[in-house]
Amino acid sequence: VTAPAVTRSAGTAVLRYLPGLLLLLAVGVIGTYAQTGLRTVGKATGTALPDIEYVLWAIVLGLVIRNTVGVPGVFRPGVATYEFWLRIGIVLLGARFLLGDLAKLGAFSLVLILIDMAVATTVILLVGKAFGLGGKLSTLLAVGTSICGVSAIIAGKGAIDADDEDSGYAIAAILALGAVALFSFPAIGHALQLTDTQFGLWAGLAVDNTAETTATGAAYSQQAQQVAVAVKNTRNALIGVVVLGYALYWANRGGVAVAAGVRARAGFVWRTFPKFVLGFIAVSALATVGVLHKPDVTSLGNLSKWAFLLCFAGVGLNFDLRELARSGIRPLVVAALGLVVVAACSLGLVLLTSGWIS
Amino acid sequence: VSANQPDSPTPGAEKPTAGLGARLGADWAAVIVAAILVVLAVAGLLPSIPFLVK
């Protein structure tokens, strides 16, 4: 491969992604101006206008574009990168945490996550059975609700040999409910006057997909977003272990054979482990030992916000309501019942226990 | 256990069309990009770009 060929290839890649990236940026920036503009109008006119966070503006704007004029093909590769920006944002957010606080929050939330997981799994499997859903579809919904949304469903699909249709339904349901949580959780949180930490814990425990969890936290406050991301990372870290558990269950029930031996199973857990969680912890460790100084933390914090902004715009721009409607109502109802139960259970746990963590 | 089976086009969003292997690759890519940014910050070479909303 010659140097000019490599240059041409890199240039083609940039051109392929650039339009979509610019669209993400434009939608995100318009979202921020919508928030600040509304604030300014409110102040200037002395009107008590609602302070709608840029997160929600960006997502709604993206959603409107996608579901009205649509996203032309030239923008799609760049728009589809939004989870990449989410991961970068999360890793950089690690600079805002001291490792000790992270360990404390992780250990505290782990107990709540395990309780939630047991509740979510039980409810979804029972309701799924009552609604006549197949066992594998119910399993995928349970995995998506209790752990890590889309990533867990994709890992689970391969592990239990579920078909494409089942995983499609499960992913559609989880994404739809993530959108519902994004708009309803902040309203409920304000109505209940939850503190930032309480809300962050709740969002991190109950909102299924990482992008929506981050956005839900950000729609409440920056502090709530940080707590939500830390708690969600703890949930994400469990993906391999949980999916392996389901794979073992399904191995003799029409699933695929699970490799024997601790080494092979540990390898599976490692392959499915979200590596950005390691990056998040590593950056937190650097901040803790003093490698990162205050201006560095500020710069990285700002970049983290920019990365999240691209992600939030992408959440809306990727959400196609028409395709969602085609996926059927039963998986959606089952997942919705799961979300309601998990949200109520998580909220109760947070209200009961959040006094133990500052 | 196979974690890298191909995934089908999926309703609701584009992101699920990527297989697990691609997603894990994107994981590492994000970590590497973030690591470069952290190194630049430590070296004092990262410009501070204030966010638009305080």
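Looking now at the confidence of the model for chain B. Residues and elements named next belong to chain B. Per-chain confidence: chain B averages 70 in pLDDT, with 56% of residues scoring 70 or above. Across residues 1–17 the pLDDT falls below 50, and counting only partners more than four positions away or on other chains, this stretch makes 64 contacts in the model. Our summary of model confidence lists the complex with pTM equal to 0.87 and ipTM equal to 0.84.

Residues and elements named next belong to chain A. Counted under the stated rule, the structure contains 11 aromatic pairs over all chains. For the ring pair Trp 270 and Phe 273, a centre distance of 6.3 Å and an interplane angle of 15° mean the geometry is stacked. The partly exposed category is assigned to Trp 270, whose relative accessible area is 44%. By relative accessible area, which is 15% here, Phe 273 ends up buried. An aromatic cluster is present here, built from Phe 185, Phe 199, Trp 202 and Tyr 220 joined pairwise through their rings.

Our focus in this paragraph is the side chain of Gln35(A). With respect to the element layout, Gln35(A) can be found in helix α1 (residues 3–45). When its relative accessible area of 1% is taken as the criterion, Gln35(A) is described as buried. Excluding its chain neighbours within four sequence positions, the residues that come into contact with Gln35(A) are Asp51(A), Ile52(A), Glu53(A), Tyr54(A), Trp57(A) and Val53(B).

Attention now moves to unusual backbone geometry. Despite not being glycine, Asp161(A) has its phi angle at roughly 60°, a positive value. Its place among the elements puts Asp161(A) in the loop between α7 (149–160) and α8 (164–191).

Residues and elements named next belong to chain A. Over its 12 residues, helix α6 (residues 135–146) runs 16 Å from end to end, which matches the ideal 16 Å to within 8%, given 1.5 Å per residue. Here α6 lies mainly inside the structure; 11 of its 12 residues are buried. Of all the positions in α6, only Lys 136, Leu 137, Ser 138, Thr 139, Leu 140, Leu 141, Ala 142, Val 143, Gly 144, Thr 145 and Ser 146 are classed as buried. Where α6 is buried, its residues meet α5 (99–130), α7, α8, α11 (222–237), α12 (239–250) and α17 (330–353).

Calculation notes
Residues numbered from 1 in each chain as written. Chains lettered and ligands numbered in written order. Predicted model: local features only at pLDDT ≥ 70, side-chain atom pairs only at ≥ 80, totals over all residues. Heavy atoms only, no water. pLDDT = per-residue confidence, 0-100. Contact = heavy atoms within 4.5 Å. Phe/Tyr/Trp six-rings, centres within 6.5 Å; stacked < 30°, edge-to-face > 60°. Buried < 20%, exposed > 50% of the residue type's maximum accessible area, 1.4 Å probe, protein only. Helix = DSSP H or I, 4+ residues; strand = E, 2+ residues; numbered from the N terminus. Expected span 1.5 Å × (residues − 1).

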